[in-house]
Structure formats: C-alpha cells, structure tokens
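Letter by letter, the chains look like this.
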Amino acid sequence: MKINKINHEKLLILGFFSLTLFFIFWIIPKSIIDPINFGIKDGLPPSFSAYLVGFLIFFTLIFQYINGIILKKNNNFQNESLFFSREIFKRSLNIIIVCLVYSFLFIEYLGFYLGSFIFIIILSLLLGEKRFFILSLFPTFLIFFVYVGFNLGFSIFLPEGKILEQILESILVN
Amino acid sequence: MENIFAGIQLATTPEALIAILIGLIAGQILGAIPGLTASMAVALLVPYTFYLDPWIGIPMLLGMFKGSLFGSSITAILIKTPGTPAAAATVLDGYPLAQKGKGMKAMKMALYSSVFGDTFSDIMLIFAAGFLASIALNFGPPEYTLLTGFSLICISSLTGNSVWKGLLSVFLGMIIGMIGLDPITATPRLTFDYLELEEGIGLIPMLIGTLAVSEALRQMEQPIKKLASSTLSFSKNKIDNIVTWAEFKSTLPTIVKSSGLGTLIGAMPGLGSTIAAFLAYGEAKRSSKFPEKFGKGSLEGVAASEAANNAVSGSNMIPLLAFGIPGDIAAALIMGAFLIQGITLGPVVFQDNPIEIYAIFAALIVANLLNLVLGHGLIKMCKHVVTVPKRLLFPAVLVIASAGAYALRGSLFDIQLVFCFGVLGYLMMKCDIPTVPMLIGFILIPIFEENLRITILLGSSHDLNIGFIFTRPAFLTLLLIMMVASFIVVKRRKLQNLEKINHK
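All residue numbers refer to position in the chain's written sequence, counted from 1. Chains carry letters and ligands carry numbers; both start at the beginning, A for chains and 1 for ligands, and go up in the order they are written. Owing to the predicted nature of the model, reporting of local features is limited to residues with pLDDT of at least 70; listing and counting of side-chain atom pairs is limited to 80 or more, with chain, interface and lining totals taken over all residues.

Some thoughts on the overall build of chain A
Working step 1: Regarding its fold elements, chain A presents six helices and two strands.
Working step 2: Counting from the N terminus, the helices are DSSP H or I runs at least four residues long and the strands are E runs at least two residues long. Sequence-ordered secondary structure for chain A, helices as α and strands as β, is β-α-α-β-α-α-α-α.
Working step 3: Its C-alpha atoms give chain A a radius of gyration of 25 Å, more than 25% over the compact-globule value 16 Å for 174 residues.
Working step 4: Oriented by its inertia axes, the alpha-carbon framework of chain A measures out at about 70 × 55 × 30 Å.
Working step 5: Each of the 174 residues in chain A was classed as buried or not, and the buried ones make up 23%.
Working step 6: In chain A, the proportion of contacts linking residues at least 24 apart, taken out of those at least 6 apart, comes to 63%. Based on C-alpha atoms, the radius of gyration is set beside the globule rule, defined as 2.2 Å times the residue count to the power 0.38. Each residue is classified by how many other C-beta atoms fall within 10 Å of its C-beta atom, where C-beta atoms are placed from the backbone; a count of 20 or more means buried, 12 or fewer means exposed, and values in between mean partly exposed. In this description, any two residues whose backbone-derived C-beta atoms lie within 7 Å of each other are considered to be in contact.

A short note on the overall build of chain B
Working step 1: A count of helices and strands for chain B gives 22 helices and two strands.
Working step 2: Within chain B, the proportion of its 504 residues that are buried is 58%.
Working step 3: Within chain B, contacts between residues separated by at least 24 positions form 79% of all contacts whose residues are at least 6 apart in sequence.

Quick look at the domain arrangement of chain A
Working step 1: We note that the domain assignment places domain 1 (2-83) and domain 2 (86-173) within chain A.
Working step 2: For domain 1 of chain A and domain 2 of chain A, the distance between their C-alpha centroids amounts to 39 Å. Delimitation of the domains relies on an automatic or database domain assignment.

Concerning the interface of chain A and chain B
Note: interface size is frequently given as the accessible area lost on complex formation between the parts.
Working step 1: Facing 47 residues of chain A, the contacting portion of chain B comprises 46 residues.
Working step 2: Those elements that provide at least two residues to the side of chain A that touches chain B are α1 (5-31), α2 (48-70), α3 (86-110), α4 (112-126) and α5 (132-153) of chain A.
Working step 3: In terms of residue class, the side of chain A that touches chain B is built from 32 nonpolar, ten polar and five charged. All amino acids are sorted into three groups, where Ala, Val, Leu, Ile, Met, Phe, Trp, Tyr, Cys and Pro are nonpolar, Asp, Glu, Lys and Arg are charged, and the leftover types, Gly among them, are polar.

Details of the environment of I134 of chain A
Working step 1: Of note, I134 of chain A is situated in helix α5.
Working step 2: Taking the C-alpha atoms as reference points, I134 of chain A and S124 of chain A, separated by ten residues in sequence, lie 9.5 Å from one another.

Remarks on the nonpolar core
Working step 1: Counting 180 residues, the largest nonpolar core has I20, V213, A276, A280, A363 and V397 of chain B as its most contacted members.
Working step 2: The biggest single contributor to this core is helix α18 (residues 354-385) of chain B, with 15 residues.
Working step 3: Per-domain counts for this core show at least three residues from each of domain 1 (2-83) and domain 2 (86-173) of chain A.
Working step 4: Beyond its immediate chain neighbours, meaning those up to four positions away, A363 of chain B contacts A11, A16, I20, P59 and L62 of chain B. Any set of buried Ala, Val, Leu, Ile, Met, Phe, Trp, Tyr and Cys residues joined through C-beta atoms within 7 Å is what this text calls a nonpolar core.

Re the packing of helix α4 (residues 54-79) of chain B against helix α5 (residues 88-99) of chain B
Residues and elements named next belong to chain B.
Working step 1: Two numbers describe how α4 lies on α5: the axes approach to 6 Å, and their chain directions differ by 55°. The orientation of α4 relative to α5 falls into the category oblique. Remark: the crossing between α4 and α5 carries right-handed chirality. Two secondary-structure elements touch here, α4 through S73, A76, I77 and L78 and α5 through T90, V91, G94, Y95 and A98.
Working step 2: Looking at side-chain class alone, the contact of α4 with α5 contains six nonpolar, three polar and no charged residues. What counts as an axis is a line fitted to C-alpha atoms, over the stretch in contact for a helix, and the angles between N-to-C directions run from 0 to 180 degrees. Here is the rule for angles: anything less than 35 degrees is roughly parallel, anything more than 145 is roughly antiparallel, 65 through 115 is roughly perpendicular, and the remaining ranges are oblique. Crossings are sorted by hand: turned counterclockwise from the far helix by less than a right angle, the near helix makes the crossing left-handed, and turned clockwise it makes it right-handed.

Side note on helix α12 (residues 245-267) of chain B
For an α-helix the count is 3.6 residues per turn, leaving residues at separations of three or four pointing the same way.
Residues and elements named next belong to chain B.
Working step 1: The end-to-end C-alpha distance of α12 is 31 Å, a good match for the 33 Å that 23 residues give at a rise of 1.5 Å each.
Working step 2: Its maximal kink placed at T251, α12 deviates by approximately 45°, while the proline P253 follows within four residues.
Working step 3: Where α12 is concerned, the buried positions are T251, T254, I255, S258, S259, L261, G262, T263, L264, I265, G266 and A267. Expected helix span is computed as 1.5 Å times (number of residues minus one). In this analysis the local bend is the angle between axes fitted, respectively, to the seven residues ending at and the seven residues starting at the residue.

Describing the environment of T60 of chain A
Working step 1: Secondary-structure assignment places T60 of chain A in helix α2.
Working step 2: Taking C-alpha positions, T60 of chain A is 24 Å from P45 of chain A, a pair spaced 15 residues apart along the chain.
Working step 3: With near-sequence residues (within four places) excluded, T60 of chain A lies in contact with W164, L167 and L168 of chain B.

Comments concerning unusual backbone geometry
Residue and element names in this part refer to chain B.
Working step 1: A positive phi angle, near 50°, is found at F192, a position not held by glycine.
Working step 2: Relative to the assigned elements, F192 resides in the loop between β2 (188-189) and α9 (195-198).
Working step 3: One non-glycine residue, D193, lies in positive phi territory at about 60°.
Working step 4: Looking at the element boundaries, D193 is found in the loop between β2 and α9.
Working step 5: Residue D193 is classed as exposed on the basis of its 8 C-beta neighbours within 10 Å.

Comments concerning the packing of α12 of chain B against helix α13 (residues 273-287) of chain B
All names here are of chain B.
Working step 1: Packing of α12 against α13 brings their axes to within 9 Å, and their N-to-C directions diverge by 145°. For α12 against α13, the interelement crossing comes out right-handed. Only I275, A276, L279, A280, E283 and A284 of α13 make contact with α12, whose side of the interface consists of T254, K257, S258, L261, G262, I265 and G266.
Working step 2: Residue classes in the contact of α12 with α13 are distributed as seven nonpolar, four polar and two charged.

Observations regarding the confidence of the model for chain A
Working step 1: In the predicted model, chain A carries a mean pLDDT of 85, and the fraction of residues at 70 or more is 91%.
Working step 2: Per-element confidence in chain A ranges from a low mean pLDDT of 64 for strand β2 (residues 81-83) of chain A to a high of 92 for α4 of chain A. Known as pLDDT, the predictor's per-residue confidence is scaled from 0 to 100.

Examining the confidence of the model for chain B
Working step 1: Model confidence for chain B is summarised by a mean pLDDT of 81, while 85% of its residues fall at 70 or above.
Working step 2: Across the interfaces of the predicted complex, the ipTM metric reaches 0.91, alongside a pTM of 0.75.

Here it is in structure tokens:
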C-alpha cells in the first residue's frame, strides 16, 4: 500500500490535534484537581504545567499545519510516498500481541521463569527458529543464567506467578 | 606530603588493588545488564562493605561505580540498549557506528573517552574540590530553572529532520514526566486513581522500552531469512576496529569540553550523569564542524556523551567530600559506606582523615587505569555475544530487559510499562518521530517544574517579585554564559552556511 507523505503528515497532525484537545479539555480537568483556595500567593497550581504543555502542543501543531501543509514551507517531500506492507503489519502485530500477553498475563500468572520460557519458544518460532534442539536448550540456558544472576547473585527474587503461588499454598495447607 | 604518600600507599596495597579489580569487573558486567544502574550496582555492594576492611570495601565500591558507567555503553552501542540511563545518549551515534561494522571502534572510543572524562573529573576533584563546590552551592532554584529550561530548548538540535516532531516528542515526555504526585502539593496528577501511577513512571522501564524493546520490535519485523543472521557484523578492515591517533586527536577538543561540562554538572547536586551526557552531546553537535554526521555514526557523538557521563562520577564527590552533600544517589550510597566505616564526610574530613581522603583520590586514579585495561577485555568478550542470530538474541534481550526492569522497584507494573513504551517507541519510529527528545523531556521536567515553582514562590515574598532573579550574581553569570554560547554557535552556523554556499 502506498500513501503520499504529505497526506501522511496531514493525518498525523490531525490525529495529534484531536488527542491534544482531548488531553486539554477532558484528561487534565478529570485527573488533576487543584487544591481548594489555591491562590497566586501559593505559587503555581499543580495543573499549570499540564495546561502549559497541552497548549504548547496545540500551537506547535497549528503552526506546523499552516507552515508545512498550507504554506508548504520547509517541505521537501511533496512527491514522496510511504510504503506499507500488509505482511510486515501482520508480523509486527503478532509479535506485539505475544509481547503484551507475556508482560500482562504470562509473568503475572505463570511467573517469570515459566512465562519467559514459553515466551522465548513462541517468539523464536514466530521468528523462524524451528530446530527442536535450539528451541528447548536456548530458553533453558537463558532462564538458568537469569536465575543464577538475579536470584542467587543479587538476591532479586523475580515474580513467581499467581498460579504457582496457589499451588504452593495448597501444598503447604495440605 | 607525608599524608599524600601514606594515602597512596593505602590505596595501592595488593588487597586494595584486587578489590578495585573485582569492583570494576562486577561493575562492568552489572552496567551492561539493562535496568541495573550504577547506583543499583553500588547499592547491591554497600551492605557487604560493612564486613570488609575499609580499604577493601571502599575501593571496591569506587571501582564498581566506574566500571558500571563504562559497561553500560557496550550494550548501548551493540544492541541499542543502554545498560544504565547515563548511556542513553551513547546510543545515538554508537549504534549507527555498530551497524556500519564499526562497533569495535565505537566501543574503544567510548572506553578512551570514558577513562579520559573520569580522570579529568578526578583531577578536578583533587585540585579544585573546594572552589567547584562553592560555585555549585551558589546555584539555587532560579539557576536550576534557567539551566534545565535552556537544555529543553537545546533539544531542538537533537530533533532530527523535523523540528515539530522533535518538539512533539519533548512535550510527550514532559506529560509522561508529570504523571504521579505533584512535587509541591502532593496532588495526584494524570493518575486516574491508579495507585501504581502515583509513584510516577520509572525512568528505567521507559528507557528500556523506548530504546531497546522498540528497536527489537522493529528488527523482528524483518523477513525470516534475515533473522537467521546475527544482529551485527564487524568489519574485517583493521582501521574500522581501532581508534587511530588522528581520530582521537580530532575528537580531543570535544572530549575535553564534554569532560568539563560533565564535571560542572556532577558538582551540582541533583542533575546526574544522564543529563550531563545529553547536554554534552547537544553541545558537541552544535559546535561541531560536521553536525550533519551526528545521529548517523559520529565518533564525536560517542566521545561527547561518554566523556560527560563518566566525568560526573568524580565531580559528584566534590560536594560530598567538601560539604557532605551527595551529588546523586550513587554518591549518597558511597557516603553511607563511609559512615558504616566511621568516616563522616564534610569540611572537617580533610583535617580529621587526610590520609583516607588522599587514599580515595589515589584509588580513583588507579581504578581509571585498571578500567582502561579491563575494558579492552570486555570489548573483546562482548563482540562474540552479538554474533548470536537475531531470532534468538531479541527474545533473550526482551527477557533480560524485563528482569532488569523488575529488579529496580520489584514491580510487575514496570515490566508492563517496558512493553507499553516499547510499542509506543515502535509506533513513534514508524511515524518518524524521534524518541530521544521524549526521554530528555521526561528526565528534565521534574527538575524544571519544581525549581520554576519554587522560584515563583520565592518571588512572591520578594519586593521585586519575580524580578529578584536578576539580583542574583549566579543567575546573571549563567545567563551571560548561555547567551554568549548561543551567539557563538549562531555565528558559526552562519559562517558554515556561507562556506557551503560558496562551495556550491
């Protein structure tokens, strides 16, 4: 798929513009509540910096839209195009999903060691590694290295995982 | 004089030398692991120093601190993953050099400039501790506001091709930096009642995510055939694997300037090596004869950031030794180790424990020399690590990065942040938005905001209101230095442009 760079930039500016408005008019009022009776003698209110940065982004985007898109100043890519490959998109999406599942689910429920072992195997398979020998030996070696370094070396105990914790708990109770 | 010799003798006993060596090796290895900072390396060792003789424990700590600063640059250059935040600026030119097959050259330049910066600041510490500390102590909130504000403006020189995208990135970093409790009123900001966000976003997960994970995601989208090869290849041309004398000589002015800048920043409590590295990098780019090479694999860029971040290690001992005020967390930890040994640092330490002070100075210099020797060994060892095929290396990098991110605060949330920032960094890369300005905005906003608000509070109780800042000699001197520096840079740029036009 091909997209003109100028259209890409236009889309980007408009996207950020909507996000900025959302930030200024919804996120800041909802998430930063200045203390009651906070006056000028107390200095700057907590929301000041957020509003300042919000408006700075707002004006930067307006300036860029006028200068770069309407007046076409400092724009040397009028005829250039960007290429998007569906295959790369699909691959990246798969990899990102695996990474997010690893960080949000695997480590929390299976624990760091078991979660990482499964994660390395899945990711290596996705990246084209099919040799069973490598797929089993490499994660084992790496996990062992991390265990020795972190647990034994620095006494940093990586998460055990909710499932393992429950199993251990039930064994201890019984 | 007697005291000096006694100090040197104390620091060069076989036990002390072995302690420095062990500290350096451990520091270099720890520094190379993403997520384990120099401060953390020192923190891990401090409790053990209690059981050691003072002149084994303290040199070991100093060696570990120095070793970790250099070790972090190795991974920054080879796999775009800074071992510590201080090496984040080294990524900018170190990684492009490695991609050109000049990884060895980049690592060696990092080693030489690190050792130079380190030694420079140690010499400054020895000869100018009192003087530099008195300058640093004159810096109050207005001066810090000016310094950080100027740095935020200077980031435009790091923004790549599109200024608006660079600015957008800085602002995004500033917003992320505001998440957490307000520094003055402790009001939650942008947290949406999510308890984990009240602590704020950690620098380590953000760094690892935006630099390492995003790069891993970008590389992993390549066709499967390409992923079977290693991440980097090293040029077989000898000249690409060494730093020639001519190259070192040409970067020497940058190294000296960056070492000076790093020394000055290290003497100011609270700023630290990450800021020093970025400031020195920006300054080197602005004053360079070839600014267009920066970000594409410039040896000057590697030298500037490495010299500056290492120069902090010596000078942050200046306020520590002269006034008992630690310049950063690592210095505070070293102070703790001294306290454990019964030595209270401060103005009287020069009278009460002169031999120990000279021994520290000697240990610092010895550690630098040994760092140079050991660094060569580490470079050779690390060369083999990146020969692992990409499809195995990247999953390994992601797992080690997750462990490193968890180690600092023991929080699962930090691991999740690593991957969220990784995806954000990847999307920014796809939209051609630079990620480094976002990191600088994130690092500088707390210092800038806190000092700005304190300055305004101070102004409200002053007759001249905010105008009181112009009655401060330190503020005026700093302002003058910045104006002169900007004027020189603008003038030089104009001359360079004119030269280019004349050439055409």
